[in-house]
Amino acid sequence: MAEAVLRVARRQLSQRGGSGAPILLRQMFEPVSCTFTYLLGDRESREAVLIDPVLETAPRDAQLIKELGLRLLYAVNTHCHADHITGSGLLRSLLPGCQSVISRLSGAQADLHIEDGDSIRFGRFALETRASPGHTPGCVTFVLNDHSMAFTGDALLIRGCGRTDFQQGDQLLYPAQDLHIVTCCAKTLYHSVHEKIFTLPGDCLIYPAHDYHGFTVSTVEEERTLNPRLTLSCEEFVKIMGNLNLPKPQQIDFAVPANMRCGVQTPTA
Ligand SMILES: N[C@@H](CCC(=O)N[C@@H](CCS)C(=O)NCC(=O)O)C(=O)O
Ligand SMILES: [Fe+2]
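Report follows, based on the coordinates. If you're wondering where the values come from, they're calculated on a predicted model, not measured in any experiment.

1. Concerning the site of ligand 1
The full set of residues close to ligand 1 is Asp-83, His-135, Asp-154, Cys-161, Gly-162, Arg-163, His-210, Tyr-212, Arg-229, Leu-246, Pro-249 and Gln-250. Arg-163 places a polar side-chain atom, nitrogen or oxygen, 2.6 Å from an oxygen atom of ligand 1. Within the backbone of Gln-250, a nitrogen or oxygen atom sits 2.9 Å from an oxygen atom of ligand 1. Comparing atom positions with the cavity grids shows ligand 1 to sit within the largest pocket. Broken down by class, the residue content of the shell around ligand 1 amounts to 4 nonpolar, 4 polar and 4 charged.

This is how it looks when you write it as structure tokens:
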């Protein structure tokens, strides 16, 4: 009971802030890779962060940020993406003052490297970093400080989850050389989701990095009870992940090397 009261109080503090203004949130879509980019801002200080921008839609995002009178502090990545080039490199040149961010464990270049437990602050709000490896070793989930929403990248998708068949060394490659790697990554992902995401409040909103079925948002409670993969035992989950037989992402051969350098740094002529 005391915990519930505290949670409500925390939520009012962050979502409503001191002035009663709610957080500014925009979910944007890039249709080729089916990627969601999220803009979060503080209406009072005008400080903002962008989660998982895509190279092709970075100019759109920069224009919206300017139109809304926001100051982009950080263009952050939930992981080194295999299916598209990140927009974080381009955004730092389109919006001077913006810094690119990715986890240290991704091995990718960026202005700032984050680790489990680090906070990304913007105005009266903050995003907590929770390491959630498995899809890639450097995957993180960002949780708003009042635990009302989580940006899960590819660790947890709506009624699905990220694939675990990438070879993970210096770079992501496909396919993983043997089933042992897929098994190990799948076990890691299962524990990440159960320990770092499903432990959040049931009404915490889940915002993934992709959706291929037309969904936009879910909740912890929905995924805890309805996700067809993550409601299985770890053993059954590992078996399913070893047999997804997904085709190689079309852009992986050039997207991953580019993302290891945090994408394209300057606008093309
Ligand atoms: N067809 C797409 C790639 C689709 C894909 O592999 N998606 C990844 C997430 C992006 S790295 C994934 O984990 N999918 C899980 C699933 O169950 O679909 C392309 O060619 O880009
Ligand atoms: Fe991914």
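2. A closer look at the coordination of the iron ion (ligand 2)
Protein coordination at the iron ion (ligand 2) comes from His-79 (NE2), His-135 (NE2) and Asp-154 (OD), with a distance range of 2.1 to 2.3 Å. Bound by 4 donor atoms, the iron ion (ligand 2) shows angles of 88 to 164 degrees at the metal and therefore irregular coordination geometry. All donors of the iron ion (ligand 2) come from a single chain, and their spacing in sequence reads H-x55-H-x18-D. Here His-135 lies in the loop between β8 (125-131) and β9 (140-144) and His-79 lies in the loop between β4 (71-76) and α3 (88-94), a separation of 56 residues in the sequence. Accessibility assignment for this pair places His-79 and His-135 in one class, buried.

3. Observations regarding the pattern of salt bridges
Tallied over the entire structure, the rule returns 13 salt bridges. Linking Asp-61 and Arg-60 is a salt bridge whose minimum nitrogen-to-oxygen distance equals 2.9 Å. Within this structure, Asp-42, Glu-44 and Arg-124 form a network of salt bridges that share partners.

4. With respect to the sheet that holds strand β2 (residues 35-41)
Taken together, the 6 strands give an open sheet; going across it, the order is β1-β2-β3-β4-β5-β6, and neighbouring strands pair in mixed fashion. A single partner strand is all that each edge strand has here, and the edge strands are β1 (24-30) and β6 (112-114). Strand after strand, the sheet turns through a mean of 25 degrees between neighbouring axes, direction not considered. Pairing analysis gives 3 bridges linking strand β5 (residues 99-103) to β6, with the strands arranged parallel. Residue Ile-102 lies in a different strand from β6, and its bridge partner there is His-113. Where helix α2 (residues 58-67) meets the sheet, it contacts β1, β2, β3 (47-51) and β4, and its direction lies at approximately 160 degrees from that of β1.

5. Here we look at α2
When we look at burial in α2, the residues that qualify are Ala-58, Asp-61, Ala-62 and Ile-65. Take α2 and look down its axis: the buried residues cluster within an arc of 100 degrees, on one side only. Check the buried side of α2 and you find it contacts β1, β2, β3, β4 and α3. Downstream of α2 by a residue or two, Gly-69 has a phi angle that is positive, lying close to 70 degrees.

About the thresholds
Residues numbered from 1 in each chain as written. Chains lettered and ligands numbered in written order. Predicted model: local features only at pLDDT ≥ 70, side-chain atom pairs only at ≥ 80, totals over all residues. Heavy atoms only, no water. Near = heavy atom within 4 Å. Polar contact = N/O pair within 3.5 Å; in protein donor to acceptor, adjacent residues only side chain to side chain. 1 Å grid on protein atoms, 1.4 Å probe; cavity = no way out; pocket = protein on both sides within 12 Å on 5 of 7 lines; lining within 4 Å. Sits in = over half its atoms within 2 Å of the grid points. Nonpolar A, V, L, I, M, F, W, Y, C, P; charged D, E, K, R; others polar. Donors = N, O, S within 2.8 Å, 3.2 Å for Na, K, Ca; no water. Tetrahedral: all angles 85-135°; square planar, octahedral: opposite > 155°, others 65-115°. Helix = DSSP H or I, 4+ residues; strand = E, 2+ residues; numbered from the N terminus. Buried < 20%, exposed > 50% of the residue type's maximum accessible area, 1.4 Å probe, protein only. Salt bridge = Lys/Arg side-chain N within 4 Å of Asp/Glu carboxyl O. Pairing = 2+ DSSP bridges. Axes fitted to C-alpha atoms, helices over the stretch in contact; angles between N-to-C directions. Contact = heavy atoms within 4.5 Å. Arc of directions from axis to C-beta.

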